[in-house]
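The residues making up each chain are set out below.
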Amino acid sequence: MPDQLYAVRDVVIDGLYRQVLKRIFFLRDPERVHDGMTRVGERLGRHALTRALIDVAFGYQNKILEQEILGVKFLNPIGLAAGFDKDAHLTQILPAVGFGFEEIGSVTGEYCAGNS
């Protein structure tokens, strides 16, 4: 998609979010919004057609973003932090919304501060 189309798309999505969705989301309990959006993302991720439509609406690709770190190639260096999708329900849809990777789970095998 040419950069001009990305720009137009981004203005439309930004307006929709700020003027409609954000107002609705902020009226509700954050946990309910999170759980609801996780269910929506899980359903959308089940089907190739919905993944493709979401990718058109939210995806972005550019060779300049690609990186190889420790032998792993990332098409996009933006990842989703641990905790948001700890049960890995969104692995199919996240690439379509622009994430290059995600951390899943809630337990680490490595000692760190706060984890005895």
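Just so it is clear, the structure is predicted and the values come from calculations on it, not from any experiment. (Residues numbered from 1 in each chain as written. Predicted model: local features only at pLDDT ≥ 70, side-chain atom pairs only at ≥ 80, totals over all residues. Heavy atoms only, no water.)

**Concerning unusual backbone geometry**
A positive phi angle, close to 50 degrees, is found at L70, a residue other than glycine. With phi around 60 degrees, A88 is a residue other than glycine that occupies positive phi space. Inspection of the secondary structure assignment puts A88 in the loop between β3 (79-80) and β4 (101-102). (Helix = DSSP H or I, 4+ residues; strand = E, 2+ residues; numbered from the N terminus.)

**Brief notes about the environment of K63**
Structurally, K63 can be placed in the loop between α3 (48-58) and β1 (67-69). Sequence spacing of K63 and G36 is 27 residues, and the spatial spacing of their C-alpha atoms is 33 Å.

**A word on the packing of aromatic side chains**
Summed over the entire model, instances satisfying the criterion amount to 1 aromatic pair. Against the face of F26 rests K22, its NZ or CZ located 5.4 Å from the ring centre. (Phe/Tyr/Trp six-rings, centres within 6.5 Å; stacked < 30°, edge-to-face > 60°. Lys NZ or Arg CZ within 6 Å of the ring centre and 35° of its normal.)

**Comments concerning helix α2 (residues 30-45)**
Quick reminder: α-helices carry 3.6 residues per turn. Residues three or four places apart thus point the same way. An ideal rise of 1.5 Å per residue puts 22 Å on 16 residues; α2 measures up with 22 Å between its terminal C-alpha atoms. Among the residues of α2, those classed as buried are V33, G36, T38, G41 and G45. (Expected span 1.5 Å × (residues − 1). Buried < 20%, exposed > 50% of the residue type's maximum accessible area, 1.4 Å probe, protein only.)

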